[in-house]
2 protein chains.
Amino acid sequence: MEFKKHILDNGLAVVGEVNSFAKSAAIGFFVKTGSRDEIKQISGVSHFLEHMLFKGTDKLGPLEVNEAFDRLGAHYNAFTSEENTVFYAAVLPEHLADAAQLWTHLMRPALRDDDFNMEKNVIKEEIAMYEDTPSYDVIDKARSLYFDSHPCGNTVLGTRQSIDALTAKQMHDYFTARYSPNNMTVALAGNFDWDKTLRLIAEHCGLWRQQTVTRQTKDYPGSLKSERLQKASLKREHICIISPAVPMQDKRRFAASILAAVIGDNVGSRYFWALVDKALAETATMQCESMDRTGAFFSYIRCGSESSQKVLDAVKAIFDDLDTNGITASELSAAKNKILSALVLKNEIPMGRLVSLGFNWVYLNEYRSTEQDIDDVKAVGIDDVNSLIKHFRPGRFTQFILGPGSDTSIQS
Amino acid sequence: MEFKKHILDNGLAVVGEVNSFAKSAAIGFFVKTGSRDEIKQISGVSHFLEHMLFKGTDKLGPLEVNEAFDRLGAHYNAFTSEENTVFYAAVLPEHLADAAQLWTHLMRPALRDDDFNMEKNVIKEEIAMYEDTPSYDVIDKARSLYFDSHPCGNTVLGTRQSIDALTAKQMHDYFTARYSPNNMTVALAGNFDWDKTLRLIAEHCGLWRQQTVTRQTKDYPGSLKSERLQKASLKREHICIISPAVPMQDKRRFAASILAAVIGDNVGSRYFWALVDKALAETATMQCESMDRTGAFFSYIRCGSESSQKVLDAVKAIFDDLDTNGITASELSAAKNKILSALVLKNEIPMGRLVSLGFNWVYLNEYRSTEQDIDDVKAVGIDDVNSLIKHFRPGRFTQFILGPGSDTSIQS
């Protein structure tokens, strides 16, 4: 493994991890923009823009984009979150240069009015589909409730109204402001020729004009609100609870991931034994989402209406016990093993390395090998986790319930 | 990469591919048994038995099984198909021996009556869930229709009736007959110590008693029937069409995969351009399923009721054209690139190698490196694919439609 990096004059960061034993190679464009960078009038524009990049350029129509990736046998896609828009492709090593050239080209899209108007329907269908998926919808609603007026509460997809009202001009302006080379990172991983690929990227992206790009990054401790939305058509209660956690920039993020696994890994966790194993809930998980200068623990629990009060009582008992007694040594050890396995398995392929490499650069301006992450997980002690509990008090949370019932509330 | 194999005296095959550069290791037990090995009275027993193996042994209860995997940080699971039941775990190299020992232990389960009776409900819920998933249900029903009375038409999950009627004694007998060491393969892949692991497996599995195990493997060309089931609650028509293809034992399986990709890959295929791109269908894909001494092309298409006749007409036109003109050189090249990418990406991690290694042994008694598969894909010529079309006539198919409509039928 060899780490390489180069920053073009216009600020575009190019980072690579060359592994000549790998059988594939991956490239990704990481644009540091997402729903938290939107104002209400353009809610959903980041995600909409991600779709529009596949509609092509002055030289390529939508079908030709499709065909170009297809010819390379590329596994390619993109995703948009609250704070990033990422475009990627994994290919055989002999196709990496072509895949890189194709992405550099697509990063300056035509944004045609016709495509823009057509795509509005696709976006609105996607909004409808997610609204029909309660496990997604409840998390989206809980996030808004937790972050209140903080921009991290903005919805990624936008609303039917915001999408209908969005103009092509607004999207153009957003593109110019946010897809600025100094707000983007190109990451490369696997078996590829660094010098050749860097030359190609410099040639195609070197003249992109840079803008001044900012982001509001005030931390926010959560609203502590509690809400329920009754939806008679649902069969199950969907519960999302959110409490503060550490940002990506905080070294304690490894301890925070361990804490989340102890509480809410899908098997063998506190939630598992108290809720799933006791048949009170069908699923109950917790994750730590470390973001840019903020972070939160998200729990998602699904259960029957008849059990929801018992579930909330059991959750309270778990947090009370953690607050008093902390975690145990065997919980720490099992959680570490799980996190280490997941870390190693994910980072075993170039596509996995790409994501780690890209995000470490975006958030930390730092290269981290898998081994460094492994060492940092191993180094977490029981006191590191227990002092996180004392500091962040995960039992003080914001709660949203979506389901057929009407009157469950937590006594706290 | 180094291939290793050893057959124990009782017939248990142990095969391994050691890769000392890998960061993880994987182990799997491949039992050559599935729904095609069941008679009607015990329909679903293979899949039910897969669940029961997680309920533990004389020494371990269900929760202890869970905890044991959990402590290893194992990514573990199992699946049952028409002809295989596979149990696997991926772990860090230092936990491979423990994971191997745990699986060897679980392979001789207690099959407790209490667990058996409790688990019936879980199986019946799974049946209900799949019946509520039309994309799955239509393929299951089409498979039964295609294979008619041939055992490959047997449903994996069984029916509520067969599960209710199943006795613990029937399951015990099936276990003894089918989980015989000479009907099983242990596969190992990634970074592990072959000698040590083999010793451990020999020690724990060497005394398992072997039985005479048989399977009915007559090929079957398909019933050519056409059926529709009207389900007013559905919003969409779900169409499955099936035609004969090559078995796993046939070298032409690479050409058959290419043909399936040309016709029905999810982008850039004949189905894509004629159905999805034209907005006649929302999804339209074809796969080649090569099985033990038989094989079939499966297509799945989802569309609105108003389009279903047009979809069937367009499908007919695709097959008529293929029959007359065959595929093009550029279709061959794009399909090869896609298949090669998928092959390389899948086989880049020990868990992917495990599946290839295990199935190549089960079906072919052969070790095949990823490179051999790559070479065989590359060697396929346009005539190889076109002579498959002439031989198998994919336009002559069995068809099942599940949806709200009532009268669509194909003119053929």
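Below is a summary of the structure that appears in this document. (Residues numbered from 1 in each chain as written. Chains lettered and ligands numbered in written order. Predicted model: local features only at pLDDT ≥ 70, side-chain atom pairs only at ≥ 80, totals over all residues. Heavy atoms only, no water.)

1. Considerations on the interface of chain A and chain B
Next, step 1: Taken together, the contacts link 35 residues of chain A with 34 residues of chain B.
Next, step 2: When chain A packs against chain B, the two sides together hide about 2900 Å² of surface, and 61% of this comes from carbon and sulfur.
Next, step 3: Among the residues of chain A in contact with chain B, K23, D70 and E348 of chain A are the three that bury the most area, contributing 20% of the side total.
Next, step 4: At the junction of chain A and chain B, the tally comes to 4 salt bridges.
Next, step 5: Measuring nitrogen to oxygen at the nearest pair gives 3.6 Å for the salt bridge that ties E371 of chain A to K23 of chain B.
Next, step 6: For the interface between chain A and chain B, the tally reads 12 residue pairs in polar contact (both at pLDDT 80 or more).
Next, step 7: Mapped by element, the contributors of at least two residues to the side of chain A that touches chain B are α2 (62-71), α10 (270-276) and α12 (329-346) of chain A.
Next, step 8: Examining the composition of the side of chain A that touches chain B, we find that 8 residues originate from one element, α12 of chain A, more than from any other.
Next, step 9: Each residue belonging to the side of chain A that touches chain B can be placed in one class, and the counts come to 18 nonpolar, 8 polar and 9 charged. (Contact = heavy atoms within 4.5 Å. Buried area = accessible area lost by both parts, 1.4 Å probe. Salt bridge = Lys/Arg side-chain N within 4 Å of Asp/Glu carboxyl O. Polar contact = N/O pair within 3.5 Å; in protein donor to acceptor, adjacent residues only side chain to side chain. Helix = DSSP H or I, 4+ residues; strand = E, 2+ residues; numbered from the N terminus. Nonpolar A, V, L, I, M, F, W, Y, C, P; charged D, E, K, R; others polar.)

2. Some remarks on the packing of helix α2 (residues 62-71) of chain B against helix α3 (residues 96-106) of chain B
Residue and element names in this part refer to chain B.
Next, step 1: Across the interface, α2 lies against α3 with an axial gap of 10 Å and an inter-helix angle of 160°. Considered as vectors, α2 and α3 are oriented roughly antiparallel to each other. Considering the relative orientation of α2 and α3, their crossing is left-handed. Taken together, the residues of α3 that come into contact with α2 (itself represented by V65, A68 and F69) are L102, W103 and L106.
Next, step 2: Class assignment of the residues belonging to the contact of α2 with α3 gives a composition of 6 nonpolar, no polar and no charged. (Axes fitted to C-alpha atoms, helices over the stretch in contact; angles between N-to-C directions. Parallel < 35°, antiparallel > 145°, perpendicular 65-115°, else oblique. Left-handed = near helix turned anticlockwise from the far one by under 90°.)

3. A word on the packing of aromatic side chains
Aromatic rings considered in pairs are described by the distance between their centres and by the relative angle of their planes.
Next, step 1: In the structure shown here, the tally under the stated rule is 41 aromatic pairs over all chains.
Next, step 2: Between F69 of chain B and W103 of chain B the ring centres are 5.0 Å apart and the planes differ by 55°, which places this aromatic pair in the tilted class. One end of the pair, F69 of chain B, is in helix α2; the other, W103 of chain B, is in helix α3, with 34 residues separating them in the sequence.
Next, step 3: Residue F69 of chain B is classed as buried on the basis of its relative accessible area of 0%.
Next, step 4: Overall, W103 of chain B belongs to the buried group, its relative accessible area being 0%.
Next, step 5: Here the guanidinium or amino end of R108 of chain A rests over the ring plane of W208 of chain A, the centre of that ring lying 3.9 Å away. (Phe/Tyr/Trp six-rings, centres within 6.5 Å; stacked < 30°, edge-to-face > 60°. Buried < 20%, exposed > 50% of the residue type's maximum accessible area, 1.4 Å probe, protein only. Lys NZ or Arg CZ within 6 Å of the ring centre and 35° of its normal.)

4. With respect to helix α13 (residues 350-364) of chain A
Residue and element names in this part refer to chain A.
Next, step 1: The end-to-end C-alpha separation of α13 is 20 Å, in line with the 21 Å expected for 15 residues at 1.5 Å each.
Next, step 2: For α13, a buried count of 14 out of 15 residues is recorded, marking the element as mostly surrounded by other parts of the structure.
Next, step 3: A positive phi of about 50° marks N365, the residue just after α13. (Expected span 1.5 Å × (residues − 1).)

5. Focus on the sheet that holds strand β7 (residues 226-230) of chain A
Residue and element names in this part refer to chain A.
Next, step 1: Pairing is mixed in the open sheet, where 5 strands are placed in the order β7-β11-β8-β10-β9. Looking at which strands have only one partner, the edges of the open sheet turn out to be β7 and β9 (283-290). In this sheet, neighbouring strand axes are inclined to one another by 15° on average, regardless of whether the strands run parallel or antiparallel.
Next, step 2: As paired strands, strand β8 (residues 237-244) and strand β10 (residues 295-303) are joined by 8 bridges and run antiparallel to one another. Across the sheet, I239 pairs through a bridge with I301, a residue of β10.
Next, step 3: Those strands touched by helix α5 (residues 134-147) are β7, β8, β9, β10 and β11 (398-403), and its axis lies near 35° from that of β8. (Pairing = 2+ DSSP bridges.)

6. Topic: the pairing of β8 of chain A
If a strand is regular, its side chains alternate between the two faces of the sheet.
Residue and element names in this part refer to chain A.
Next, step 1: Within β8, 8 of the 8 residues are buried, which leaves the element mostly enclosed by the surrounding structure.
Next, step 2: Sheet analysis places β8 next to β11, joined by 5 bridges and oriented antiparallel. Looking at the pairing, H238 lines up with L402 of β11.

7. Quick notes on the sheet that holds strand β1 (residues 2-7) of chain A
Within a sheet, each strand pairs with its neighbour through backbone hydrogen bonds, oriented either parallel or antiparallel.
All names here are of chain A.
Next, step 1: Overall, mixed pairing links the 6 strands, which are arranged β1-β2-β6-β3-β5-β4 in an open sheet. Each edge of the open sheet is held by one strand with a lone partner, namely β1 and β4 (75-80). When the angles between neighbouring strand axes are averaged without regard to direction, this sheet yields 10°.
Next, step 2: Two strands pair when backbone bridges link them, and β1 and strand β2 (residues 13-18) are joined in this way by 6 bridges, in the antiparallel orientation.

8. Side note on helix α9 (residues 253-264) of chain B
All names here are of chain B.
Next, step 1: Taking 1.5 Å of rise per residue, 12 residues should cover 16 Å, and α9 covers 16 Å from first to last C-alpha, within 8% of that figure.
Next, step 2: Most of α9 sits inside the fold, with 11 of its 12 residues counted as buried.
Next, step 3: Listing the buried residues of α9 in full gives R253, F254, A255, A256, I258, L259, A260, A261, V262, I263 and G264.

9. Let's talk about the environment of K141 of chain B
Residues and elements named next belong to chain B.
Next, step 1: In this fold, K141 is placed in helix α5 (residues 134-147).
Next, step 2: Here K141 falls in the partly exposed class, since its relative accessible area comes to 28%.
Next, step 3: In the structure, K141 is positioned 33 residues away from R108 in sequence and 34 Å away in space, judged by C-alpha atoms.
Next, step 4: Sequence-distant contacts of K141, that is, excluding residues within four places in its chain, are made with L229 and F400.

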